[in-house]
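Single-letter residue listing:
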Amino acid sequence: MEVIKKVALKAYNSFGISALAENMVVCSSTYDVTSLCHALRNEKVYILGGGNNILFDGDFAGYIIKPEIKGIEITAEDDETVTLHVGAGEDWDAFVEYTVKNDWGGLENLSLIPGTVGASPVQNIGAYGAEVGNAIVSVEGVRLSTGQTFVVSREECRFGYRDSIFKNEMKGDAIITYVNFRLTKKPVANISYAPVREAMSRRNTETIQAVREEIINIRNSKLPDPKVQGNAGSFFKNPEVPAEVFERLRAEYPGIPSFPLANGDVKIPAAWLIDQCGWKGKALGKAAVHHIQPLVLVNNGGATAGDILALAGKIISDVKEKFGVELAMEVNLVR
């Protein structure tokens, strides 16, 4: 391991925000991580994945830990399923592509999501009718506070909507080293999401390869490339409200889109709420709302974290005033 001093973080976050890290350490094995935890027990630490769901609010006076553990290994297999042991440093979409090429189903709807395998369970990444938690068997890692290894089962991960134990009880104390996935060898295309279903209806096949291709097309058509225009993907979570609150909203706004949830609540697309408040394509300083997908805030060039947060705060305020619904940030703020 090498400790690198005064690291410019602009290249390490998809928003393209300029900031400095006092120290950065890249770990390529569980041994590296364990050794580092013992050395940094009393230091300020942030664990950095692909940098695709974060906003650096100023310089980081501590240690950025970047797990770069690689490897994909089959650990169990039968006629129905395959279980994979995957390093936290593997690129997420490259891994999804690998599973689809092998015709192992379960992750294809999560195609083209930026980031690393190790970051995927933290946020319980989800898109187009799928969540990664449904394919995870367990998550392995090291506790920062003790240097001890752990294995957390899917049930213990307590996956929820963009949520997990790693964002709650284990927040800041879990360095994920490997994720274990169980995928089906007899995949059935998940076309529950309307745009995917419509795209697939124009094809003569419903293979998971076709699903991946259509989702890539959809994402490319409506989401900005962070390499071209800085952004962190969906900036806000889709709010979930009690059924009675939704009925009051629907009485006033008959065209409001919604998704019923198993617990009786109703999910409302944050993009629709933001659009109804007139924010699509609008800018505030050097930060702006994307002109196609209003759920995405973008860096128009030279934006600071303060610019992004000022815009987010104004959007949250306007949505609250118009609909009585409070938006929550999906992006993680790092200070």
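Residues numbered from 1 in each chain as written. Predicted model: local features only at pLDDT ≥ 70, side-chain atom pairs only at ≥ 80, totals over all residues. Heavy atoms only, no water.

Asks: Quick question: what am I supposed to make of the overall build of the protein here?
Replies: Within the protein one finds 9 helices and 20 strands. Computed over C-alpha atoms, the radius of gyration of the protein comes to 20 Å, within 12% of the 20 Å expected from 2.2 N^0.38 for 335 residues, which places it in the range of a compact globule. Within the protein, the proportion of its 335 residues that are buried is 50%. Within the protein, contacts between residues at least 6 apart in sequence are counted, and of these 62% link residues at least 24 apart. (Helix = DSSP H or I, 4+ residues; strand = E, 2+ residues; numbered from the N terminus. Rg over C-alpha atoms; globule rule 2.2 N^0.38 Å. Buried < 20%, exposed > 50% of the residue type's maximum accessible area, 1.4 Å probe, protein only. Contact = heavy atoms within 4.5 Å.)

Asks: When you look at the side chain of Lys-167 in this model, what are you seeing that I'm missing?
Replies: Mapped onto the fold, Lys-167 is located in the loop between helix H4 (154-157) and strand E12 (174-184). Lacking a salt bridge, the buried Lys-167 has Asp-163 as its closest oppositely charged neighbour, with an N-O distance of 5.0 Å. In this structure the side chain of Lys-167 is engaged in a polar contact, spanning 3.1 Å, whose partner is the backbone oxygen of Arg-162. The residues contacting Lys-167, other than those within four sequence positions of it, are Val-122, Gln-123, Arg-162, Lys-237 and Asn-332. (Lys, Arg positive; Asp, Glu negative; His and termini not counted. Salt bridge = Lys/Arg side-chain N within 4 Å of Asp/Glu carboxyl O. Polar contact = N/O pair within 3.5 Å; in protein donor to acceptor, adjacent residues only side chain to side chain.)

Asks: Explain the layout of surface pockets to me, please; I cannot follow it from the model alone.
Replies: One way to see where empty space is left: roll a probe the size of a water molecule over the atoms. What the second largest pocket holds in volume is close to 200 Å³. Taken together, the elements giving at least two residues each to the lining of the second largest pocket come down to strand E9 (130-131) and E12. The dominant element in the lining of the second largest pocket, judged by the number of residues it contributes, is E12, at 3 residues. Of the residues in the lining of the second largest pocket, the class split is 5 nonpolar, 6 polar and 3 charged. (1 Å grid on protein atoms, 1.4 Å probe; cavity = no way out; pocket = protein on both sides within 12 Å on 5 of 7 lines; lining within 4 Å. Points joined across faces, edges and corners; volume = space filled by probe spheres on them. Nonpolar A, V, L, I, M, F, W, Y, C, P; charged D, E, K, R; others polar.)

Asks: It is not clear to me how unusual backbone geometry should be interpreted in this structure. Could you clarify?
Replies: Negative phi is the rule for most residues except glycine; trans is the rule for most peptide bonds. Even without being a glycine, Lys-6 presents a positive backbone phi close to 50°. Relative to the assigned elements, Lys-6 resides in strand E1 (residues 3-8). For Lys-6, a relative accessible area of 61% puts it in the exposed group. Although it is not a glycine, Leu-112 sits at a positive phi angle of roughly 65°. Here Leu-112 lies in the loop between helix H2 (92-101) and helix H3 (120-123). Of the residues examined, Leu-112 reaches a relative accessible area of 28% and is grouped as partly exposed.

Asks: Please clarify how the sheet that holds strand E19 (residues 296-299) should be interpreted in this entry.
Replies: Through backbone hydrogen bonds, the strands of a sheet pair up, either in parallel or in antiparallel fashion. Taken in spatial order, the 4 strands make up an open sheet running E13-E19-E18-E17, and their pairing is antiparallel. Strand pairing shows two members of the sheet lacking a second neighbour, strand E13 (230-234) and strand E17 (283-284), which therefore form its edges. In this sheet, strand E18 (residues 287-289) lies alongside E17 in antiparallel orientation, the contact comprising 2 bridges. Of the residues in E18, the one forming a bridge with Ala-283 is Ala-288. (Pairing = 2+ DSSP bridges.)

Asks: Can you help me understand the pairing of strand E2 (residues 20-27) in this one?
Replies: It is a general feature of regular strands that their side chains alternate between the two faces of the sheet. Where E1 meets E2, 5 bridges bridge the pair, whose relative direction is antiparallel. Each residue of the ladder has a partner; that of Val-7, found in E2, is Ala-21. In this sheet, strand E5 (residues 60-67) lies alongside E2 in parallel orientation, the contact comprising 6 bridges. Residue pairing across strands places Cys-27 opposite Pro-67, the latter belonging to E5.

Asks: Explanation requested: the nonpolar core in the structure shown.
Replies: One broad trend across soluble globular proteins is that nonpolar side chains are buried collectively. If you look at the biggest cluster of nonpolar residues, it comprises 41 residues, and the most contacted ones within it are Trp-92, Leu-107, Phe-166 and Phe-181. Looking at this core, the elements that each hand over two or more residues are strand E7 (81-87), H2, strand E10 (136-143), strand E11 (149-153), E12, helix H5 (194-200) and helix H6 (208-222). Non-local contacts of Trp-92, meaning those with residues more than four positions away in its chain, are made with Leu-107, Leu-110, Ile-113, Gly-115, Thr-116, Val-117, Ser-120, Ile-125, Val-132 and Phe-181. Counting 36 residues, the second-largest nonpolar core is a separate cluster that includes Val-241, Ala-271, Leu-295 and Ile-316. (Core = buried A, V, L, I, M, F, W, Y, C linked by side-chain atoms within 4.5 Å.)

Asks: Please clarify how the packing of aromatic side chains should be interpreted in this entry.
Replies: What describes a pair of aromatic rings is the distance from one ring centre to the other and the angle between the planes of the rings. With the rule as written, the count across this model stands at 12 aromatic pairs. With a centroid separation of 6.5 Å and 70° between ring planes, the pair formed by Tyr-46 and Phe-56 is classed as edge-to-face. In this pair, Tyr-46 sits in strand E3 (residues 45-47) while Phe-56 sits in strand E4 (residues 54-56), placing the two residues 10 residues apart along the sequence. This pair shows no difference in class: Tyr-46 is buried, exactly as Phe-56 is. On the numbers, 5.1 Å between centres and 70° between planes, the contact of Phe-235 with Phe-236 is edge-to-face. Among the aromatic residues, ring-to-ring pairing joins Phe-15, Phe-235 and Phe-236 into one connected group. For Lys-44, the ring lying beneath its charged end belongs to Phe-60, and the centroid distance is 4.8 Å. The residue whose ring lies beneath Lys-267 is Tyr-161, and the NZ or CZ to ring-centre distance is 3.9 Å. (Phe/Tyr/Trp six-rings, centres within 6.5 Å; stacked < 30°, edge-to-face > 60°. Lys NZ or Arg CZ within 6 Å of the ring centre and 35° of its normal.)

Asks: What exactly am I supposed to notice about the environment of Leu-311 here?
Replies: When you line up the elements, Leu-311 lands in helix H9 (residues 305-323). Each C-alpha atom, one on Leu-311 and one on Gly-233, is 15 Å from the other, the two residues being 78 residues apart in sequence. With near-sequence residues (within four places) excluded, Leu-311 lies in contact with Trp-279, Leu-284, Ala-287, Ala-288, Val-289 and Leu-297.

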